[in-house]
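As a plain string of letters, each chain reads:
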Amino acid sequence: MLNRTLLLVLLLISMNNASALLNPVVDTIPMRDGKWLMADVYIPAGWTSGPTILIQTPYNRLLFRAGLPLGILQNINSSPYAFVVVDWRGFYGSLPAAIASPNRGEDGYDVIEWISQQSWSDGKVGTWGPSALGKIQFETAREQHPSHICAVPQVANPWFAYEEFYPGGVYRTEYVEQLDALGYGLSATVLAHQVKDVVWNFAYNSTNYPSSISVPCLMIGGWYDHGTDPLVEYFNALRANSPIAVRDQHRLLMGPWVHGGHGSAYVGSSVQGELNYPAAQGWSDSLANLFFDYYLRGITNGWNTTPFVTYFQMGEDQWNTSSVWPPQGVSPIKLYLQNDHSLTSGLPINNNGSSVFSHDPTDPSPTHGGATLRADQLQGPYDQSSLVESRSDVLIFESPVLGQNVVMKGATRVHLFVSSDKTDTDFAIRLTDVYPDGRSMLIVDGIRRLRFRDGFTSSDTAQGIPGTVYELDVELPFSCITFLTGHKIRVDISSANYPRYDVNLNNGGIMYTSGDSLVAQNTVFHNSNQSSYVELMLTDFIGGVSENPYSTLNLYPNPAADKIMVEEIYNNCNYSISDIQGKKVMGGRINNRQILVQSLVSGLYFIEIEYKGEKLISKWVKE
């Protein structure tokens, strides 16, 4: 991996060759301990005073000189906001301010205090940023500065939990290695606490403070992110436990996005891995701007009446809304592993069905896409058929070709009856969407270590007895996808997914130390007495298929000049059209499958159609 300083120099050279860099005012911001943080201040030309968006970063504020977020890019003079970008204490320009245990929330409070005293500030500050830049927003909000008005944390939550680093009891190798490469140095501490002990309980409790978040939060996440579940769960915690005055002001936006940080995919882009979601392009910026405009500029754009949850239904490639997550109307449906390696809703009828596969720690099943972070790993949906499913160390179970759409909204649980000829091993799951052309596109994955089958504390831990059958649950993260007509639902079972998860040496010894590796023969049972199954959260599920054969909200032409045409199923449904600011400009009932739009001015609009109690949203461009 490139040295970070060298990488930064190369990036700046590249950006400088492409276009001129922004030229902010460089300032120092005093902290309460007498030290200071380095900041870049961007003020639009002709600015007298107004609201500010604060970005606090550990990844070098200079990178923002190539362009600001939220669609501003280099057009700072057209921005309705000033921007302040600050290096974290101990990082880059703020390296001299380093101390042993910084309180980054207090630092954020001091930065907002400084901003509010500047002549160009109107005393209103919003915060923005992804990942670590999002986590620090919660720490800042906890300090409750009166000028901190709202926050937009992306792919972030404040929790520091055992499950983040040891999902299913298995160390997340590439994730922690990337955090170390970024300068956090967590691996030694994490590896010193391999079970869920008092240290993890303290860490979680000290970072669990939804009752202290008194500003509205627009939380933005992605279905291919590595922190989907804690992000959604923290949003639910805010809705339940933040101060009453602000509980109904929080919003959640979940798109078909990866975590980002390297590569071409990021929160808000259309291309994710080997798939493309054009309907999701730019939504994170669009909604964040509406959110900031409402709270920082006092614009009446209807933001306060928007649904609490807006989520992207992959497969159908459309936006839906809900008052809660998971949405109402989903039910846990079990698809059982069968002797012929199919997945069906009926219990197995055979008495002794099982399948055996091997796990060689020196040649583990490889990670290919998914919710990764390390810079050399692919992120997002990738075809598993060649690199993963073609190997002999994987069991594949799949549904018949779907005759109708199957709509999934929520978490997946895989309940297995397993045995091994070794005292410890892992069981790794990949859930995929199989296309008619044979592509097996990864949706989510999970893993469980056999010694942690009963839990993750030291008292829960127990070695396995070779040949003994155990029940094992593998939890997969939240996702939201429609398996379309003609596709298949597939589950891959192996004993590794490396380097996303550490490789089990199968020797039953002390974890994450050198030692002899043993080849394990692992068995999954699928019979009437030991019925392994996949539990999916589905809607309209009857006899293995969905009742609703319509998969997309098709609007055409798009762009259009005079009228929009819709599918027959939406005829006589109610519709509304809003502009980019969220203001409703048209509405009514669809007649003759068309909506007349010649009276609208050219621009980007959102069209919403009510169908069977659900609101379907799509972007549309008026020529």
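Each chain carries its own residue numbering, running from 1 in the direction its sequence is written. Reporting of local features is limited, given that this is a predicted model, to residues whose pLDDT is at least 70; pairs of side-chain atoms are given and counted only at 80 or more, and all residues count toward the totals for whole chains, interfaces and linings. Here the side-chain values reflect all heavy atoms present in the structure, with hydrogen atoms and water set aside.

Enquirer: Any details on the pattern of salt bridges? Residues and values, ideally.
Expert: One speaks of a salt bridge when a side-chain nitrogen belonging to Lys or Arg is within 4 Å of a carboxyl oxygen belonging to Asp or Glu. Counting across every chain of the model gives 24 salt bridges. Of the charged contacts in the structure, one is a salt bridge between D107 and R89, with a shortest N-O distance of 2.9 Å. Of the two residues, D107 sits in helix α2 (residues 104-116) while R89 sits in the loop between β4 (82-87) and α2, which places them 18 residues apart along the sequence. Residues D107 and R89 agree in their burial class; the two are buried. Across the salt bridge formed by D363 and R391, the nearest N and O atoms sit 3.5 Å from each other. Separated by 28 residues along the polypeptide, D363 in the loop between β15 (354-359) and β16 (395-398) and R391 in the loop between β15 and β16 bring together distant segments of the chain. Each member of the salt-bridge network shares a partner with another, and the members are D40, R61, R65 and D87. Strands are runs of DSSP state E lasting at least 2 residues, helices are runs of H or I lasting at least 4, and numbering of each runs from the N terminus. The buried label goes to any residue with under 20% of its type's maximum accessible area, the exposed label to any with over 50%, and the partly exposed label to all in between, with areas taken from a 1.4 Å probe on protein chains only.

Enquirer: An account of the confidence of the model for the chain is needed here, citing residue identities and associated values.
Expert: In the predicted model, the chain carries a mean pLDDT of 92, and the fraction of residues at 70 or more is 94%. The quantity called pLDDT is the predictor's confidence in a given residue, expressed from 0 to 100. By definition in these notes, contact holds between two residues if any of their heavy atoms fall within 4.5 Å. Per-residue pLDDT stays below 50 along residues 1-18; that stretch engages in 19 contacts with residues further than four places along the chain or on separate chains. Low pLDDT (under 50) marks residues 542-552, which in the prediction has 28 contacts with non-local residues, meaning those over four places away or in another chain.

Enquirer: Let's hear about unusual backbone geometry: which residues, and what values?
Expert: Residues apart from glycine generally show negative phi values, whereas peptide bonds are mostly found in trans. Of the consecutive residues W325 and P326, the connecting peptide bond is found in the cis state with omega at 0 degrees. If you trace the backbone, P326 turns up in the loop between β12 (318-322) and β13 (331-337). A cis amide bond links Y498 with the next residue in sequence, P499, at an omega value of 15 degrees. Its place among the elements puts P499 in the loop between β21 (488-494) and β22 (520-525).

Enquirer: Could you give an account of the nonpolar core, with specific residues and numbers?
Expert: Among the nonpolar cores identified, the biggest contains 100 residues, and F83, F292 and I493 are the most heavily contacted of them. Apart from residues lying up to four places away in sequence, F292 is in contact with I53, L70, Y81, G126, T127, W128, C150, V152 and R297. Within this scheme, the nonpolar core is defined by two criteria: the residues are buried Ala, Val, Leu, Ile, Met, Phe, Trp, Tyr or Cys, and they are joined through side-chain atoms within 4.5 Å. Residues I569, C573, I590 and V597 belong to the second largest nonpolar core, which totals 20 residues.

Enquirer: An account of the pairing of strand β3 (residues 50-57) is needed here, citing residue identities and associated values.
Expert: Counting buried positions along β3 yields eight of eight residues, so the element is predominantly enclosed. Sheet topology note: the β3/strand β5 (residues 121-130) ladder contains four bridges and is parallel. Within β5, the residue paired with L54 across the bridge is T127. At least two DSSP bridges between two strands are required for those strands to pair. The sheet contact formed by β3 and β4 spans six bridges and is parallel. Its bridge partner being in β4, L54 is matched across the sheet by V84.

Enquirer: Let's hear about the sheet that holds strand β19 (residues 440-449): which residues, and what values?
Expert: Within the open sheet, the four strands sit side by side as β16-β21-β18-β19. Their pairing is antiparallel. The sheet is open, and its two borders are formed by β16 and β19, each paired with just one other strand. Within the sheet, the average angular offset between the axes of one strand and its neighbour, ignoring direction, is 20 degrees. Direction of pairing for β16 relative to β21: antiparallel, over a ladder of four bridges. Paired with L395 across the strands is I493, a residue of β21. Under this scheme, a helix contributes an axis fitted over its contacting stretch, all axes are lines through C-alpha atoms, and angles between N-to-C directions fall in the 0 to 180 degree range.

Enquirer: Residues and numbers for the state of the cysteines, please.
Expert: In a disulfide, the sulfur atoms of two cysteines are covalently bonded to one another. Disulfide assignment relies on a single distance test, namely cysteine sulfur atoms paired within 2.5 Å. Per the counting criterion, the structure on display carries zero disulfides. Free cysteine: C150, not disulfide-bonded; nearest cysteine sulfur from C217 at 8.8 Å. Overall, C150 belongs to the buried group, its relative accessible area being 0%. As a non-bridged cysteine, C573 has C480 as the owner of its nearest cysteine sulfur, 20 Å distant.

Enquirer: I'd love a proper account of the packing of α2 against helix α3 (residues 132-142), names of residues and values included.
Expert: At their nearest, the axes of α2 and α3 sit 7 Å apart, and the two run at 75 degrees to each other. Taken together, the axes of α2 and α3 are roughly perpendicular relative to one another. Within the contact between the two elements, α2 uses R104, G105, G108, Y109 and I112 and α3 uses I136, E139 and T140. The classification used treats Ala, Val, Leu, Ile, Met, Phe, Trp, Tyr, Cys and Pro as nonpolar, Asp, Glu, Lys and Arg as charged, and all other residues, Gly among them, as polar. Of the residues in the contact of α2 with α3, the class split is three nonpolar, three polar and two charged. An angle below 35 degrees is read as roughly parallel, one above 145 as roughly antiparallel, one from 65 to 115 as roughly perpendicular, and any other as oblique.

Enquirer: Residue-level account of the side chain of T321, with values.
Expert: Summarising the element assignment, T321 is placed in strand β12. Owing to a relative accessible area of 11%, T321 belongs among the buried residues under this scheme. Once you skip the residues sitting within four places of it in the chain, T321 turns out to touch P307, V309, T310, Y311, K615 and I617.

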